[in-house]
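# What the coordinates show
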Number of protein chains: 2
Amino acid sequence: MTALSKKEMTHQRILQTAAKIIRRDGFDSLAVADVMKQAGLTHGGFYAHFSNRGALLAEALDYAGAESAELLRQNLAQRISEGVQPLTAFIEIYLSDEHLNNCTEGAGCPVAALSSDFFRLDTTTKAVAAKLIEAYIEKVQWLSNQTLSRESAFLLTSTLIGSLQLARGLKGTDQASFYLTASREDLVRRYSDRQ
Amino acid sequence: MTALSKKEMTHQRILQTAAKIIRRDGFDSLAVADVMKQAGLTHGGFYAHFSNRGALLAEALDYAGAESAELLRQNLAQRISEGVQPLTAFIEIYLSDEHLNNCTEGAGCPVAALSSDFFRLDTTTKAVAAKLIEAYIEKVQWLSNQTLSRESAFLLTSTLIGSLQLARGLKGTDQASFYLTASREDLVRRYSDRQ
DNA sequence: TTAAAAATATGATGACCATCATATAATCAA
DNA sequence: TTGATTATATGATGGTCATCATATTTTTAA
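This section reports on the structure supplied with the text.

### Things to note about the overall build of chain A
Along chain A, the regular secondary structure elements total 9 helices and 0 strands. Expressed as lengths along the three principal axes of its C-alpha atoms, the size of chain A is roughly 55 × 45 × 30 Å. Counting across all 195 residues of chain A, residues that qualify as buried make up 45%. Looking at chain A alone, contacts between residues at least 24 apart form 63% of all its contacts between residues at least 6 apart.

Dropping the structure here:
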């Protein structure tokens, strides 16, 4: 176990704050002074940790991916221990009411929260985005016990992300919950033999 | 045919410019002075046409939806006249290489270009977003000759939007085209009997 | 043609932003 | 403890932004 230095701890704290902000407010709303303030620091100190705002953006996206993956791992372990099949558990967690709603708190999957901005990113941050997408596809494949091809895993991933995004876009119209539930149940049925 | 007044024509030109910018650069990148400049006007005149930036945002999203729907209508008519089934034609157009790439020109489906930002919108613009989503679902249902339920149409819509977004996010990694093609062909096969 | 009305332009205001040079405070090695 | 190093804070700079009051130009109607 490597102990973190003071600087590393501060670095982590900035990242954690930024990872929350980009998911809640979007990439463009990440303001250096704001991040530092929310991390309990002053804005000038920022450049001791990151070469510029862009560097923070890339690291924050990566951090959000790791944070989200870790939470997923825990939730999955819980459900699987209750006897739920891995892929079914994943679909149910991903399209849960909780995941539908926690975007306003800067939690949840960063891909669903940000993917329509991916094509606009600078090269460095876009590489991180691509890594997250690939990791996502591999996870789905792994949860299917390798019964899904890469392409099929991509398709399921697309469906999950798209459904969550559209349901979030419909929140307030009383259709959101209906569509989300229908999608969840349909997908669970459709993929129940693939695990 | 109602002739447009000078003011109405200018209004349309501003909207057209804004509709392009939000799809290419995102909601947050829409700057009033920039829109006006690109529309060949000076920024001060803006407030004779819109009460504020937010009002433009809402109208621009609506305009982008109409523009995209009109283009789709034309492309669909063309393909259907060539004997392609409606839903197949739609899937092939939506997941085409052209649609993958035209995001950088501010063209194409505004939902795919912007949907991860929908949950962050103000009430007025979010209502427009919800309208676009619903219209999308209805279109898919109509193209399926009503053989798809609303929920199933939502699921297909989610898959299409998600696939396009993820493929755009992977552009440059040489996986983009592979996944897009695989998704297109898989979906065409899967929905070939539904029209 | 001319006065009224409508459309657009000029220029200013105050707010926010990324970045950085420099100063202070905290930590660490001796 | 003390000097050196590292981490954080202060405050400034130059840029961008939305908004608006006012001025000018263009259109319309008589």
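### Here's the deal with the protein's contact with DNA strand C
Inspection of the region around DNA strand C gives 21 residues, with A:Arg53, B:Lys7, B:Gly44, B:Gly45 and B:Ala48 positioned closest. Residue classes in the surface near DNA strand C are distributed as 7 nonpolar, 9 polar and 5 charged.

### Examining the nonpolar core
Judged by nonpolar contacts, the single largest core of 116 residues is most densely connected at A:Ala60 and B:Ala60. If we skip the residues at most four places from it in the chain, B:Ala60 touches B:Leu15, B:Ala18, B:Ala19 and B:Ile22.

### Considering the interface of chain B and chain A
The partner chain A presents 37 residues to the 37 residues of chain B that form the contact. At the level of elements, helix H6 (110-114), helix H7 (123-143), helix H8 (150-169) and helix H9 (176-190) of chain B are the ones that each hand at least two residues to the side of chain B that touches chain A. In terms of residue count, H8(B) provides more of the side of chain B that touches chain A than any other element does, 13 residues in total. A breakdown of the residues in the side of chain B that touches chain A according to their chemical character gives 16 nonpolar, 13 polar and 8 charged.

### A look at the relation of the copies chain B and chain A
Expressed as a screw operation, the relation of chain B to chain A combines 0.0 Å of axial shift with a rotation of 180°, fitting to an RMSD of 0.0 Å. Such a turn and shift between the copies fits a two-fold axis. The overlap is high: 100% of the interface residues of chain B also sit at the interface in chain A, so the same surface is used on both sides.

### Describing the packing of helix H4 (residues 86-94) of chain A against helix H9 (residues 176-190) of chain A
Residues and elements named next belong to chain A. Contact pair H4 / H9: the axes reach a minimum separation of 9 Å and the direction vectors enclose 170°. With respect to their mutual orientation, H4 and H9 come out roughly antiparallel. Within the contact between the two elements, H4 uses Thr 88, Ile 91 and Glu 92 and H9 uses Arg 184, Leu 187 and Val 188. Of the residues in the contact of H4 with H9, the class split is 3 nonpolar, 1 polar and 2 charged.

### Some points on the protein's contact with DNA strand D
Taken together, 21 residues surround DNA strand D, and among them A:Lys7, A:Thr10, A:Gly44, A:Ala48 and B:Arg53 come closest. At the level of secondary structure, the elements contributing two or more residues to the surface near DNA strand D comprise helix H1 (6-25) of chain A together with helix H2 (32-38) of chain B. Here the surface near DNA strand D is composed, by residue class, of 7 nonpolar, 9 polar and 5 charged.

### Topic: helix H7 (residues 123-143) of chain A
The terminal C-alpha atoms of H7(A), which comprises 21 residues, lie 30 Å apart, in line with the 30 Å expected from a rise of 1.5 Å per residue. Taken together, the buried positions of H7(A) are occupied by A:Thr125, A:Lys126, A:Val128, A:Ala129, A:Ala130, A:Leu132, A:Ile133, A:Tyr136, A:Ile137, A:Val140, A:Gln141 and A:Leu143. The secondary structure elements touched by the buried residues of H7(A) are helix H3 (53-81), H4, helix H6 (110-114) and helix H8 (150-169) of chain A together with H8 of chain B. After H7(A) finishes, the residue A:Asn145 shows a positive phi value of roughly 60°.

### Concerning H8(B)
Across its 20 residues, H8(B) extends 28 Å between first and last C-alpha, which sits within 8% of the 28 Å expected from 1.5 Å per residue. H8(B) sits mainly inside the fold: 17 of its 20 residues count as buried.

### Concerning the packing of H7(B) against H8(B)
All names here are of chain B. Closest axis-to-axis distance for the H7/H8 pair is 9 Å, and the angle between their directions is 110°. In terms of orientation, H7 lies roughly perpendicular with respect to H8. Taken together, the residues of H8 that come into contact with H7 (itself represented by Tyr 136, Ile 137, Val 140 and Gln 141) are Arg 150, Ala 153, Phe 154, Leu 156 and Thr 157. Among the residues forming the contact of H7 with H8, the class breakdown is 6 nonpolar, 2 polar and 1 charged.

Criteria and thresholds
Residues numbered from 1 in each chain as written. Chains lettered and ligands numbered in written order. Predicted model: local features only at pLDDT ≥ 70, side-chain atom pairs only at ≥ 80, totals over all residues. Helix = DSSP H or I, 4+ residues; strand = E, 2+ residues; numbered from the N terminus. Buried ≥ 20, exposed ≤ 12 C-beta atoms within 10 Å, placed from the backbone. Contact = placed C-beta atoms within 7 Å. Near = placed C-beta within 6 Å. Nonpolar A, V, L, I, M, F, W, Y, C, P; charged D, E, K, R; others polar. Core = buried A, V, L, I, M, F, W, Y, C linked by C-beta atoms within 7 Å. Least-squares fit on C-alpha atoms with pLDDT ≥ 70 in both. Axes fitted to C-alpha atoms, helices over the stretch in contact; angles between N-to-C directions. Parallel < 35°, antiparallel > 145°, perpendicular 65-115°, else oblique. Expected span 1.5 Å × (residues − 1).

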